[in-house]
Amino acid sequence: MEQYNVTGMSCAACSSRVEKAVSKVPGVSTCSVSLLTNSMGVEGSASPDSIIAAVEAAGYGASLKGASDTRNASTNHAAEEDALKDKETPVLKKRLIASIGFLAVLMYFSMGHMMWGWKLPSFMNGNHVAMGLAEMLFAIIIMVINQKFFINGFKGIIHKSPNMDTLVALGSGASFAYSTYALFAMTVAQAAGDMQKAMSYMDEFYFESAAMILTLITVGKMLEA
């Protein structure tokens, strides 16, 4: 059985997608993909190039383990040990810390003054447009920090293999898109002097929800990693 390294997988749906794609390659008798170790075992007469091409066509990356010069065993062993190091958790930890920091500020602007009576900056008092723009800005920052959800999620749609990241991206994106519409509608209503309508649109901001979804899922991703 030949062993391959597989990159880009984020959930069980990803490993299943890779397994199905490789199983369809002529000459492959069995294929087993491990999400935990980002590896794949393949039996059959299919060439490594055709297997790697199938994985890449599914939207992921692959490489044959031990494909380099076998005479340099110590280098290969060091490379394999490096591949097994936990590189994902530190990255997720940084993303989570940054997300929580910006989310705290976003929650202060969006909910603090209503729920706990916290004071807003003077330029925001009665300036609902400024408040909405501030919420949008911090939501965008958190979305950029967690852009991997959107990259992997929409890549899954393109390759007809939606996964958990697709669900997260759609949920957060829908909240942000509707909130953006509500912000512009509120601005138009306020410019027209219809404050009652403007306030009703302000109650439909969900920027903090878009950011909260990403932050909470990042917590789960880090614990899982």
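Per chain, the residues get numbers from 1 upward, laid out in the order the sequence is written. Confidence filtering applies because this is a predicted model: local features only for residues at pLDDT of at least 70, side-chain atom pairs given and counted only at 80 or more, and all residues used for totals across whole chains, interfaces and linings. Side-chain measures were taken over the full set of non-hydrogen atoms in the model, leaving aside hydrogen atoms and water.

Broken down by element type, the chain carries nine helices and four strands. Buried, partly exposed and exposed residues are distinguished by accessible area as a fraction of the type maximum, computed with a 1.4 Å probe on protein chains only: under 20%, between the cut-offs, and over 50%, respectively. When the 225 residues of the chain are sorted by exposure, 38% land in the buried category. Under the DSSP-based scheme used, a helix requires at least four consecutive residues in state H or I and a strand at least two consecutive residues in state E, with every element numbered from the N terminus.

Along the chain, Ser175 falls in helix H7 (residues 164-191). Classification of Ser175 as buried rests on a relative accessible area of 17%. A polar contact of 3.2 Å, which involves the side chain of Ser175, links it to the backbone oxygen of Gly171. Sequence-distant contacts of Ser175, defined by excluding residues within four places in its chain, comprise Tyr206, Ser209, Ala210 and Ile213. What qualifies as a polar contact is a pair of N or O atoms within 3.5 Å, subject to a donor-acceptor requirement within protein and to the restriction that residues adjacent in sequence count only when both atoms come from side chains. Two residues qualify as a contact provided that any one of their heavy atoms is within 4.5 Å of a heavy atom in the partner residue.

This paragraph deals with the environment of Met131. With respect to the secondary-structure elements, Met131 resides in helix H5 (residues 128-145). Along the primary structure Met131 and Ser110 are separated by 21 residues, whereas in three dimensions their C-alpha atoms are 7.8 Å apart.

The criterion for an aromatic pair is that two Phe, Tyr or Trp rings (for Trp, the six-membered ring) have centres within 6.5 Å, with stacked assigned to planes under 30 degrees apart, edge-to-face to planes over 60 apart and tilted to the rest. Throughout the structure, instances matching the rule amount to nine aromatic pairs. Ring geometry for Tyr178 versus Tyr181: centroids 5.9 Å apart, planes at 50°, classification tilted. Of this pair, Tyr178 and Tyr181 are both found in helix H7, three residues apart, which corresponds to roughly one turn of the helix. With relative accessibility at 37%, the residue Tyr178 sits in the partly exposed group. Centroid distance Phe205 to Phe207: 5.7 Å. Interplanar angle 55°. Geometry classified as tilted. With respect to burial, Phe205 and Phe207 carry one shared label: buried. Grouped by ring-pair contacts, the aromatic residues Phe102, Tyr108, Phe109 and Phe138 constitute a single cluster. Between the NZ or CZ atom of Arg95 and the centre of the ring of Phe149, over which it lies, the distance is 5.2 Å. A ring is scored as having a charge over it whenever the NZ atom of a lysine or the CZ atom of an arginine sits within 6 Å of its centre and within 35 degrees of its normal.

For the rest of this paragraph, the subject is the pattern of salt bridges. Opposite charge on two side chains permits them to pair, given that their charged atoms come into close proximity. Salt bridge, as used here, is a side-chain nitrogen of Lys or Arg placed within 4 Å of a carboxyl oxygen of Asp or Glu. Tallied over the full model, the rule gives one salt bridge. Between Lys221 and Asp165 there is a salt bridge, with its nearest N and O atoms 3.3 Å apart. Note that Lys221 is positioned in helix H9 (residues 207-224) and Asp165 in helix H7, a separation of 56 residues in sequence. Judged by its relative accessible area of 9%, Lys221 is buried.

Our focus in this paragraph is the nonpolar core. Nonpolar side chains in soluble globular proteins tend to be buried together. Residues Leu106, Phe176, Met186, Phe205 and Leu214 are the most contacted members of the largest nonpolar core, which totals 30 residues. Of all elements in the fold, only helix H4 (88-115), H5, helix H6 (147-158), H7, helix H8 (195-202) and H9 reach the threshold of two or more residues within this core. Once residues within four sequence positions are removed from consideration, Phe176 is found in contact with Met136, Ala139, Ile140, Met143, Phe207 and Ala210. We call a set of buried Ala, Val, Leu, Ile, Met, Phe, Trp, Tyr and Cys residues a nonpolar core when their side-chain atoms join them within 4.5 Å. In this structure, Met9, Val18, Val33 and Met40 belong to the second largest nonpolar core, which totals 22 residues.

Moving on: H5. For H5, built from 18 residues, the straight-helix expectation of 26 Å at 1.5 Å per residue is met to within 8% by its first-to-last C-alpha distance of 26 Å. Inspection of H5 places His128, Ala130, Met131, Gly132, Ala134, Glu135, Met136, Phe138, Ala139, Ile142 and Met143 among the buried residues, and these make up the whole buried set. By this rule the span expected of a helix is its residue count minus one, scaled by 1.5 Å.

Let us look at the side chain of Ser110. By the element assignment, Ser110 lies in helix H4. Residues contacting Ser110, with those up to four places away along its chain left out, are Glu135 and Glu208.

Let us now look at the sheet that holds strand E4 (residues 61-64). The strand order E2-E3-E1-E4 describes an open sheet built from four strands, whose pairing is antiparallel. Each having just a single partner strand, strand E2 (28-34) and E4 make up the two edges of the open sheet. With strand direction ignored, the average angle separating the axes of adjacent strands in the sheet is 25°. Bridge analysis of E2 against strand E3 (residues 39-44) gives six bridges, and the strand direction is antiparallel. Directly across from Ser34, in E3, lies its bridge partner Ser39. At least two DSSP bridges between two strands are required for those strands to pair. Axes, fitted as lines to C-alpha atoms, cover a helix only where it is in contact. Angles between the N-to-C directions of the axes lie from 0 to 180 degrees.

Distances and angles like these do not, on their own, reveal function.
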